[in-house]
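# Structure at a glance
The primary structure of each chain is shown beneath.
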Amino acid sequence: MENNFNEQFVNDIAPLPEKPQFLKVLCILSFIGCGLMIICFAIGSSVLGFNEEAVNSVWDKVLQTQPQLEDVNPMEFFHEVGMYCLYALLANVVSLVGVIMMWRLNKTGFFIYAIAEVAINFFGLSIGVSEENKSYGGMIFMILLDLAFIIMYAVNLKHMGKKEIAVS
């Protein structure tokens, strides 16, 4: 009797839609990338807690490797770096939420992810050193990488549906 009861309800449950392999790979790569960036930016945002004594003790070593920062106020520099890391940390958490939603085949996650990734790049434009000392190579690489992922996720939008956010 009990066996028949379980079989009846198992057959009533609709099967979950299958995720395409390409979408799985993209999401896994994004999970890894977001996780690493969250760790890095969490550590980077800890410089907001540095006092003036700690900054001055580190600043001499910074000037040895980056002499172009000689005219920069160290407290302002560390504050700007810390704020950038804090904003990027928040944007990466939002990006991770978007990836989780896309993993669950929720189309809204794509838009959350895309907006968060674009926002991270705008934060990078505002960070600290003078225009003649900025290096744009890394920033251009990250913008191109983000655009590539956004395009690859957009290709997979047809596999995603608009679903309610379910907490499970």
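Up top is the structure.
Figured I'd write up the structure that's included with this text.

### Structural notes on the nonpolar core
- Counting residues in each nonpolar core, the largest one holds 14 residues, and the members touching the most others are M102, Y113 and Y153.
- When residues of this core are traced back to their parent elements, those giving at least two are α2 (21-44), α4 (74-103), α5 (108-125) and α6 (137-155).
- With sequence-adjacent residues up to four places away left out, M102 is seen in contact with L23, C27, G109, F110, Y113, Y153 and M160.
- By size, the runner-up hydrophobic cluster in this structure holds 7 residues, among which are V47, V55, V62 and F78.

### Some words on the packing of aromatic side chains
- Across all of its chains, the model carries 9 aromatic pairs by this definition.
- Summarising the aromatic geometry, the rings of Y113 and Y153 are spaced 5.0 Å apart at their centres and angled 70° between planes, so their arrangement reads as edge-to-face. On the criterion of sequence distance, the pair formed by Y113 in helix α5 and Y153 in helix α6 is long-range, its members being 40 residues apart. The burial state of Y113 is the same as that of Y153; both residues are buried.
- Judged by centre distance (6.5 Å) and plane angle (50°), the ring pair of F149 and Y153 falls under tilted. Of the two residues, F149 and Y153 both sit in helix α6, 4 residues apart, roughly one turn of that helix.
- Residue classification places F149 among the buried residues on the basis of a relative accessible area of 15%.
- Judged by its relative accessible area of 0%, Y153 falls in the buried class.
- Aromatic ring contacts, followed pair by pair, group F50, W59, F77 and F78 into a single cluster.
- Here the basic side chain of K19 rests over the ring of W103, its NZ or CZ set 4.6 Å away from the ring centre.

### Some thoughts on the pattern of salt bridges
- The full count for this structure, using the stated rule, is 1 salt bridge.
- The partner of K24 in a salt bridge is E18, with the nearest N and O atoms 3.4 Å apart.
- Residue class for K24 comes out partly exposed when judged on its relative accessible area of 24%.

Parameters and conventions
- Residues numbered from 1 in each chain as written.
- Predicted model: local features only at pLDDT ≥ 70, side-chain atom pairs only at ≥ 80, totals over all residues.
- Heavy atoms only, no water.
- Core = buried A, V, L, I, M, F, W, Y, C linked by side-chain atoms within 4.5 Å.
- Buried < 20%, exposed > 50% of the residue type's maximum accessible area, 1.4 Å probe, protein only.
- Helix = DSSP H or I, 4+ residues; strand = E, 2+ residues; numbered from the N terminus.
- Contact = heavy atoms within 4.5 Å.
- Phe/Tyr/Trp six-rings, centres within 6.5 Å; stacked < 30°, edge-to-face > 60°.
- Lys NZ or Arg CZ within 6 Å of the ring centre and 35° of its normal.
- Salt bridge = Lys/Arg side-chain N within 4 Å of Asp/Glu carboxyl O.

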